[in-house]
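Observations on the three-dimensional arrangement
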Amino acid sequence: MTVGQVGGAYGVQGWVRIVSFTDPPSNLLDYQPWHLRLKGADGREPHWQPCLAQAIRPHGDGFVARFREVADRDAALRLSGAEIGVPESCLPAPGDGEFYWRDLIGLRVVDQNGVELGVVGELMPTGIHDVLVVQGGKQGGEAVLIPFVSAHVGAVRIQDGVIEVHWEAPQ
């Protein structure tokens, strides 16, 4: 599961900037071991590779890290854009009413009248609340944006593949 990304080189001694995708961002530090999804060289597919962080420290709104395998700025630059992933078994089970985004993507979305609005294509963070981006419904290719708040989202039944919402389907 992707939990962050390498932003780029930091300094000349092999440190890299790290962007956390976790909430709160410091949760990234709790998940180990890290794997980096490295760009494939010579036309090869990107691949996941275990990577040991020797040191990590807060920096600005993210972190900087130094990996054992990265000795200088040139090696750090090659990691730019690499995804940081951890095995799903490292993540805690979500609490009551909590969901991992990965579990919501692909679920069918139906309104209070049983009308299917489409499927969750992605979620968008807005800072205030997350937004479901519902695609493929009767709206002719236009996505429907539904705030992921209790006023609009009723039942989330992952086992049935459905999210029930209080929303008026576009005509």
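Structural notes, computed from the coordinates.

The number of helices and strands found in the protein chain is two helices and 13 strands. Dimensions of the protein chain along its principal axes, counting C-alpha atoms only, are 60 × 35 × 30 Å. By the burial criterion, 34% of the 171 residues in the protein chain qualify as buried. Long-range contacts, defined here as pairs at least 24 residues apart, represent 46% of the contacts in the protein chain between residues at least 6 apart. As presented, the protein chain carries roughly 10,000 Å² of accessible surface, and 51% of it is formed by carbon and sulfur atoms. Across the protein chain, the mean location of the 13 positive side-chain charges is 11 Å away from that of the 21 negative side-chain charges.

Take the side chain of T22 next. Looking at the secondary structure, you find T22 in the loop between β2 (15-20) and β3 (35-38). By relative accessible area, which is 14% here, T22 ends up buried. In terms of polar contacts, T22 uses its side chain to reach the side chain of S20, at 2.8 Å. Side-chain polar atoms of T22 contact the backbone oxygen of P24, separated by 2.9 Å.

On to the nonpolar core. One finds V6, I18, W34, L36, F67 and L79 to be the most contacted residues of the largest nonpolar core, which totals 24 residues. Where this core is concerned, the elements lending two or more residues are β1 (2-10), β2, β3, β6 (62-67) and α1 (73-78). If we skip the residues at most four places from it in the chain, W34 touches I18, L28, Q49, P50, C51, A53, I56, F67, I84, G85 and V86.

Attention shifts here to the sheet that holds strand β10 (residues 130-135). Read across the open sheet, the six strands follow the order β11-β10-β9-β8-β13-β12; overall the sheet is mixed. Two strands in the sheet have a free side with no partner beyond their single neighbour: β11 (144-147) and β12 (153-157). Across the sheet, the axes of successive neighbouring strands diverge by a mean angle of 35°, strand direction being ignored.

Moving on, we get to the packing of aromatic side chains. Going through the model one piece at a time under the given rule, you end up with two aromatic pairs. Pairing F99 with F148 gives two aromatic rings, centres 6.2 Å apart and planes at 80°, and the pair type is edge-to-face. Here F148 lies in the loop between β11 and β12 and F99 lies in the loop between β7 (83-85) and α2 (101-104), a separation of 49 residues in the sequence. For F99, a relative accessible area of 29% corresponds to the partly exposed category. Owing to a relative accessible area of 23%, F148 belongs among the partly exposed residues under this scheme. Positioned above the aromatic ring of W15, the side-chain terminus of R57 is 4.4 Å from the ring centre.

Here we come to the pairing of β3. Every second residue of β3 is oriented toward a common face, the buried set being L36 and L38 and the non-buried set H35 and R37. Judged from the four bridges that link them, β3 and strand β4 (residues 47-50) form a sheet pairing that is antiparallel. Looking at β4, one finds that L36 is bridged to Q49. Sheet topology places β3 next to β7; three bridges connect them, and they run antiparallel. Across the sheet, residue R37 finds its bridge partner in β7, namely E83.

Moving on to the pattern of salt bridges. Note on pairing: side chains with opposite charge can pair once their charged atoms come close. The final tally for this structure, using the stated rule, is seven salt bridges. One salt bridge in this structure joins E83 and R37, with 3.2 Å as the shortest N-O distance. Of this pair, E83 sits in strand β7 while R37 sits in strand β3, placing them 46 residues apart in sequence. Residue class for E83 comes out partly exposed when judged on its relative accessible area of 24%. Here R102 ties to E88 by a salt bridge, and the two come within 3.7 Å at their closest N and O atoms. Placement of the pair is R102 in helix α2 and E88 in the loop between β7 and α2, with a sequence separation of 14 residues.

What counts, and at which threshold
- Residues numbered from 1 in each chain as written.
- Predicted model: local features only at pLDDT ≥ 70, side-chain atom pairs only at ≥ 80, totals over all residues.
- Heavy atoms only, no water.
- Helix = DSSP H or I, 4+ residues; strand = E, 2+ residues; numbered from the N terminus.
- Buried < 20%, exposed > 50% of the residue type's maximum accessible area, 1.4 Å probe, protein only.
- Contact = heavy atoms within 4.5 Å.
- Areas by Shrake-Rupley, 256 points an atom, 1.4 Å probe, with all protein chains shown as cover.
- Lys, Arg positive; Asp, Glu negative; His and termini not counted.
- Charge placed at Lys NZ, Arg CZ, Asp CG, Glu CD.
- Polar contact = N/O pair within 3.5 Å; in protein donor to acceptor, adjacent residues only side chain to side chain.
- Core = buried A, V, L, I, M, F, W, Y, C linked by side-chain atoms within 4.5 Å.
- Pairing = 2+ DSSP bridges.
- Axes fitted to C-alpha atoms, helices over the stretch in contact; angles between N-to-C directions.
- Phe/Tyr/Trp six-rings, centres within 6.5 Å; stacked < 30°, edge-to-face > 60°.
- Lys NZ or Arg CZ within 6 Å of the ring centre and 35° of its normal.
- Salt bridge = Lys/Arg side-chain N within 4 Å of Asp/Glu carboxyl O.

So yeah, pure geometry; function would need other evidence.
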